[in-house]
Amino acid sequence: MGQEVDQQEFSRADRTAHREKVRRCLDVFALMLREAQFEAEDPMTGLEIEFNLVDDDGRPALKNAEALESIANPDFQTELGQFNIEINVAPRRLGARGVTGFEEDLRASLNEAETRANEVGAHLVMIGILPTLEPGHLSPATISPNPRYRLLSDQILNARGEDIAIAISGVERLRTTADSIMPEAACTSTQLHTQVSPDDFPSYWNAAQAISSIQLAVGANSPYLLGQELWSETRIPLFEQATDTRSEELKAQGVRPRVWFGERWITSIFDLFEENVRYFPALLPVIEDEDPLEVLTSGGTPQLHELRLHNGTIYRWNRPVYDVVAGRPHLRVENRVLAAGPTVVDTIANAAFYYGLTRALAEDERPLWSRMSFSAAEENFHTAARDGIDAQIYWPGIGQVSAAELTLRRLLPLAREGLDRWGVDPDEAERLLAIIEARCTLGRNGATWYRDRVHEHEAAGESRAEALRRTLLDYRERMHSNDPVHTW
């Protein structure tokens, strides 16, 4: 969503030419997978986190331009809503204290950014959905001023042909409509990147898909939207609906959504890129001058601009990424499942659990996905988003089991094993995985803490809006303490 796009209008000829260019890129990518040398030795991992901006009273602060100017750090970037910003943490190798390095870098950056944002009347909050959002904050007027965001919004609405309908039934119900993609700005996430070789990519992607339900269960942090108590991780249905280009008729026909869990286990990264080209029309049919085949045959590394931009407008929960760094191509699994927050240490614990567990499962001689249907993994995903740490999910060899019990008995030992294979020091692994263990033992994550605290305020006679606001102020203070949420 963040890529610069200058063109604002597209003709029918633009779309035809773009389709041909994307298919040419896909052919070149297939050739590269067979012949090129992808950067995969001593792989890097990466981390991105989206933040909300609030004022002193805990209400959204529409000040991302002013905050970014004050922060003056290129690692922080604009996001869709004027109350959003994002940080891209410098990539690291997990071994040699890399996990601790992520934590130290993120804490230092967050503390400095908070100080600078305060100068323009804003505070940073890491949470999946800002509970104090009101309908007016999700209108076209609050889209960040960069033209690419309004262009993308217009293209999605034009493709859909009608306003976006948001309908979520959880503890309570929410029904609303939007004439832009601004409801997507309510979703702030943590994104984890793993660099892998072409041969290893399918195993890592399949592993990430299989455990996405567990990530949601233990890390849920989005229980409220527009004043309503909905799912433990309301980001999931909200994001799925807020960028949906399908009319009701197209949904009934089985047309695939652009926010997509997928429909099968894969045997090659090419499967995912090919599906993206085959199933989804371009939203941004921008064409660059590069001839990818000419670049490749002359010994260079093609950027595959059109394929990458198209891929960036299809929002898989685990997205395939092709990138070029210092002239060398590489591949990444981008895990987009987790909400932001609650704290830096919670975020790094979530990351350690993910990196360790995916490695252990990806290298298992008997792959988990050979014993589990893809539809079961998808059902687990939405069940965990709805029920959070109380979710009952299906697991091969066990049947129905609570996500917390499965994590304690089966998955934490695997995550420790995987972190060891990454070269993570045992003390680092134990400290961070102990946070996941404590959440499961106590049944407390960001969603349960926030929900329980709001209920306490309401029981004392406060309105829902005031309970949400006061709880957010408490949350923000605890977030900056960096004490993990299970201790709150």
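Fair warning: this is a prediction, and the values are worked out from it, not measured in the lab. (Residues numbered from 1 in each chain as written. Predicted model: local features only at pLDDT ≥ 70, side-chain atom pairs only at ≥ 80, totals over all residues. Heavy atoms only, no water.)

Caption draft 1: Quick peek at the packing of helix α3 (residues 98–118) against helix α11 (residues 344–362). Two numbers describe how α3 lies on α11: the axes approach to 10 Å, and their chain directions differ by 150°. Comparing their axes, α11 and α3 come out roughly antiparallel. Considering how the two elements wind past one another, α3 and α11 form a crossing that is right-handed. Listed contacts from α11 to Val 99, Phe 102, Glu 103, Leu 106, Arg 107 and Leu 110 of α3 are Val 344, Val 345 and Ile 348. (Axes fitted to C-alpha atoms, helices over the stretch in contact; angles between N-to-C directions. Helix = DSSP H or I, 4+ residues; strand = E, 2+ residues; numbered from the N terminus. Parallel < 35°, antiparallel > 145°, perpendicular 65-115°, else oblique. Left-handed = near helix turned anticlockwise from the far one by under 90°. Contact = heavy atoms within 4.5 Å.)

Caption draft 2: Main features of the pairing of strand β3 (residues 84–92). Here strand β1 (residues 45–54) runs beside β3; their pairing, made up of seven bridges, is antiparallel. Within β3, the position partnered with Phe 51 by the bridge is Ile 85. Where strand β2 (residues 76–78) and β3 come together, three bridges link them in antiparallel fashion. The residue of β3 that forms the bridge with Gln 77 is Glu 86. Linking β2 to β3, which pair antiparallel, is a turn of five residues. (Pairing = 2+ DSSP bridges.)

Caption draft 3: Local environment of the nonpolar core. Core analysis: the largest hydrophobic core is formed by 151 residues, its most contacted members being Phe 353 and Trp 395. No other element matches α11, which puts twelve residues into this core. When near neighbours in sequence (up to four residues on either side) are disregarded, Trp 395 contacts Ala 210, Ile 211, Ile 214, Leu 368, Met 372, Val 401, Leu 406, Arg 410 and Leu 411. (Core = buried A, V, L, I, M, F, W, Y, C linked by side-chain atoms within 4.5 Å. Buried < 20%, exposed > 50% of the residue type's maximum accessible area, 1.4 Å probe, protein only.)

Caption draft 4: Representation of the packing of α3 against helix α14 (residues 426–442) within the structure. Across the interface, α3 lies against α14 with an axial gap of 9 Å and an inter-helix angle of 55°. When the axes of α3 and α14 are compared, the pair comes out oblique. Together, Gly 98, Val 99, Thr 100 and Glu 103 of α3 and Glu 428, Arg 431 and Leu 432 of α14 make up the contact between the two elements. Class assignment of the residues belonging to the contact of α3 with α14 gives a composition of two nonpolar, two polar and three charged. (Nonpolar A, V, L, I, M, F, W, Y, C, P; charged D, E, K, R; others polar.)

Caption draft 5: Representation of the layout of surface pockets within the structure. Counted as a void, the second largest pocket has a volume near 260 Å³. Surrounding the second largest pocket, Arg 15, His 18, Arg 19, Val 22, Arg 23, Val 277, Arg 278, Phe 280, Pro 281, Ala 282 and His 310 form its lining. Listed by contribution, the elements that provide at least two residues to the lining of the second largest pocket are α1 (12–35) and α8 (269–279). Element by element, the count of residues in the lining of the second largest pocket is highest for α1, at five residues. (1 Å grid on protein atoms, 1.4 Å probe; cavity = no way out; pocket = protein on both sides within 12 Å on 5 of 7 lines; lining within 4 Å. Points joined across faces, edges and corners; volume = space filled by probe spheres on them.)

Caption draft 6: View of helix α4 (residues 147–160). If you check α4, its first and last C-alpha atoms are 20 Å apart, about what 14 residues at 1.5 Å a residue would give, namely 20 Å. All buried positions along α4 are accounted for by Arg 148, Tyr 149, Leu 151, Leu 152, Ser 153, Gln 155, Ile 156, Leu 157 and Arg 160. Tucked inside the fold, the buried residues of α4 contact α1, β2, β5 (164–169), β6 (173–178), α7 (248–252) and β11 (315–316). At the exit of α4 stands Gly 161, carrying a positive phi of roughly 80°. (Expected span 1.5 Å × (residues − 1).)

Caption draft 7: Region of the structure containing the pairing of β6. By the bridge criterion, six bridges tie β5 to β6 in an arrangement that is antiparallel. Each residue of the ladder has a partner; that of Ile 164, found in β6, is Ala 178. With antiparallel pairing between neighbouring strands as the criterion, β5 and β6 make up a hairpin whose turn holds three residues.

Caption draft 8: Inspection of the environment of Gly 161 at higher detail. Residue placement: Gly 161 occurs in the loop between α4 and β5. The exposure class of Gly 161 is exposed, given its relative accessible area of 61%.

Caption draft 9: Spotlight on the pattern of salt bridges. Scanning the model with the defined rule gives 41 salt bridges in all. Measuring nitrogen to oxygen at the nearest pair gives 2.7 Å for the salt bridge that ties Glu 103 to Arg 431. Here Glu 103 is found in helix α3, whereas its partner Arg 431 is found in helix α14, with 328 residues between them in sequence. Look at Arg 431 and you get partly exposed, because its relative accessible area is 38%. Between Arg 235 and Glu 233 there is a salt bridge whose closest N-O contact spans 3.1 Å. Considered together, Arg 235 and Glu 233 belong to a single accessibility category, that of buried residues. Each of the salt bridges in this network shares a partner with another, and the network as a whole consists of Asp 244, Arg 246, Glu 248 and Lys 251. (Salt bridge = Lys/Arg side-chain N within 4 Å of Asp/Glu carboxyl O.)

Caption draft 10: Region of interest: empty space enclosed by the protein. All chains considered together, the criterion is met by four cavities of 30 Å³ or more. Its volume calculated, the largest cavity comes out at about 60 Å³. Leu 47, Leu 94, Val 99, Phe 102, Ile 348, Ala 351, Ala 352, Tyr 355 and Leu 419 are the residues that line the largest cavity. Of all elements in the fold, only α3 and α11 reach the threshold of two or more residues within the lining of the largest cavity. Tallying contributions element by element places α11 first for the lining of the largest cavity, with four residues. Of the residues in the lining of the largest cavity, the class split is nine nonpolar, no polar and no charged. Its boundaries defined by the atoms lining it, the second largest cavity holds a volume of some 50 Å³. Forming the boundary of the second largest cavity are Arg 107, Leu 110, Asn 111, Val 344, Met 479, His 480 and Asn 482. Sorting the residues of the lining of the second largest cavity by element identifies α3 and α16 (464–481) as the ones contributing at least two each. A per-element tally of the lining of the second largest cavity places α3 first, with three residues. A per-class count over the lining of the second largest cavity returns three nonpolar, three polar and one charged.

Caption draft 11: How the structure looks around unusual backbone geometry. Backbone torsion omega between Gly 341 and Pro 342 reads 0°, so that peptide bond is classified as cis. With phi around 55°, Leu 304 is a residue other than glycine that occupies positive phi space. For Leu 304, the location among the structural elements is in the loop between α9 (292–297) and α10 (305–311). Within the chain, Asn 482 stands out as a residue other than glycine whose phi angle is a positive 65°. Inspection of the secondary structure assignment puts Asn 482 in the segment after α16. We classify Asn 482 as buried; its relative accessible area is 10%.

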